[in-house]
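Analysis of the macromolecular model
As a plain string of letters, each chain reads:
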Amino acid sequence: MSANYDPNNSVVIIGAAPAGMSAAIYLKRSAIDVVMLEHVAPGGQIMRTQGIDNYLGFPAGTTSVDLVMKFQEHLSSFDIEVLSETASKIVPGEILTVETSTGGKFQGKAVVVATGARPKLLGVPGEWNLFGKGVSTCAVCDGNFYKGLMVAVVGGGTTAVEDVIHLSRLVKKVYHIHRRDQLRLAGETSDELANLANVERVFSHTVEEIIGEDQVEAVRVKSRKDDSTRDIKVDGVFISVGIAPNTEFLGDLLSVDDGGFIKTDDKMVTSVEGIFAAGDVRTTDLRQVCTAVADGAVAGLAAAKHLTGIALA
Ligand SMILES: Cc1cc2nc3c(=O)[nH]c(=O)nc-3n(C[C@H](O)[C@H](O)[C@H](O)COP(=O)(O)OP(=O)(O)OC[C@H]3O[C@@H](n4cnc5c(N)ncnc54)[C@H](O)[C@@H]3O)c2cc1C
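Report follows, based on the coordinates. As the structure is a prediction and not an experimental result, all values here were calculated from the model. (Residues numbered from 1 in each chain as written. Predicted model: local features only at pLDDT ≥ 70, side-chain atom pairs only at ≥ 80, totals over all residues. Heavy atoms only, no water.)

Here we come to a nonpolar patch on the surface. A cluster of nonpolar side chains, contributed by Met 47, Val 65 and Met 69, occupies part of the molecular surface with about 270 Å² of accessible area. With respect to the helices and strands, Met 47 occurs in the loop between strand 2 (33-38) and strand 3 (51-52). Since its relative accessible area comes to 41%, Met 47 is described here as partly exposed. (Patch = residues over 30% accessible without salt bridge, like charges linked within 9 Å, V, L, I, M, F, W, Y side chains within 5 Å. Areas by Shrake-Rupley, 256 points an atom, 1.4 Å probe, with all protein chains shown as cover. Salt bridge = Lys/Arg side-chain N within 4 Å of Asp/Glu carboxyl O. Helix = DSSP H or I, 4+ residues; strand = E, 2+ residues; numbered from the N terminus. Buried < 20%, exposed > 50% of the residue type's maximum accessible area, 1.4 Å probe, protein only.)

Below you can see the structure in the form of structure tokens.
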């Protein structure tokens, strides 16, 4: 980005992680300037874990640091600079303005919101210090590390149930911990769950603590019926109590779903002209690096077409 960039030929991207970085590359390849804002450090959720699996081209997985360094190299090869700024508001218009917490104002003819999401946690002792050492919020990502071992899944929503089913195919045993006495599930999923021989239900229980020195050793649960506690020996605890999108700064500017995720069409177009959303921040069925990168590419091209006046097919 040059100091005298032309807002008419620029797109502001909020979030420098897989979705935002991918959008930036597709925009630069279309000869459009990019202003990229990031409030923590490039990489996003990737940096919350040590290794990344399921990304094509890395059969043995890759360390998070290596992957983010590769992403940054790719950005540098297009002279894309990441500005350390926290977006606090988007002012829509023919030229859109992104305001930041330092009082900055960044303008472009389009904005790509790629601010991602954050997994919700339980807030119990042991959870933070054992995160990445047996505590995970992503069964699809980390399940493979627990082949033949004992794990617990905490949560009673659809994602938690999917995690239980997914892990039951890999691990020796899954303890399914849920604070209510039953799941609100119907149909096939419910039947599939009931037929899993290596799943033990620990319903009407809450997690009190995750126990371990350098690695998870057990999870302490408390009965909601009689307040009794017990420790269940496990190697891993998968917390699946939902994720929250990083959309607070948008107020009610964009249409969102019940979970607060931004609604888009398949071109990543949001409810406000000139604003696109990509990656974990939008309503989608799968939240992975590959889907974020794909969303970013689609959003980048759609934003480029918006700038050049080419209609989106
Ligand atoms: C523990 C864990 C393990 C995972 N393991 C895997 C795995 O093995 N394989 C896999 O494919 N996926 C994995 N994932 C999922 C993957 O990391 C995400 O799907 C992916 O990072 C989403 O990318 P994103 O660009 O949409 O958003 P994010 O990665 O969430 O990044 C959003 C970025 O926006 C920034 N931002 C937010 N708000 C603002 C603001 N107001 N102003 C400026 N910047 C802002 C954030 O700081 C962040 O850098 C894992 C996730 C977690 C949490």
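On to the state of the cysteines, then. Should the sulfur atoms of two cysteines be covalently bonded, the bond is a disulfide. This structure, assessed with the given rule, holds one disulfide. Two residues, Cys 138 and Cys 141, share a disulfide whose sulfurs are 1.9 Å apart. Between Cys 138 and Cys 141, the disulfide has an S-S torsion of 60° and is therefore right-handed. When its relative accessible area of 21% is taken as the criterion, Cys 141 is described as partly exposed. Cys 290 takes part in no disulfide bond, and the closest cysteine sulfur to it belongs to Cys 141, at a distance of 9.8 Å. Take Cys 290: its relative accessible area is 34%, and that puts it in the partly exposed class. (Disulfide = S-S within 2.5 Å.)

Ordered in space as 5-2-1-9-20, the five strands form an open sheet in which the pairing is parallel. Across the chains shown, the open sheet's two edge strands, defined by having one partner strand only, are strand 5 (82-84) and strand 20 (275-277). Taking the axes of each pair of neighbouring strands and ignoring which way they run, one obtains an average angle of 25° across the sheet. Pairing analysis gives three bridges linking strand 2 to strand 5, with the strands arranged parallel. What sits directly across from Met 36, in strand 5, is Val 82. (Pairing = 2+ DSSP bridges. Axes fitted to C-alpha atoms, helices over the stretch in contact; angles between N-to-C directions.)

Let us now look at the pairing of strand 17 (residues 229-233). Note: strand 16 (residues 218-223) against strand 17, five bridges, orientation antiparallel. Along strand 17, the bridge assignment pairs Ala 218 with Lys 233. If you look at the hairpin formed by strand 16 and strand 17, you'll find five residues sitting between the two strands, and Asp 227 has a positive phi there, around 65°.

A separate point is a positive patch on the surface. A contiguous patch of positive charge on the surface is contributed by Arg 179, Arg 180, Arg 184 and Arg 224. In this fold, Arg 224 is placed in the loop between strand 16 and strand 17. (Lys, Arg positive; Asp, Glu negative; His and termini not counted. Charge placed at Lys NZ, Arg CZ, Asp CG, Glu CD.)

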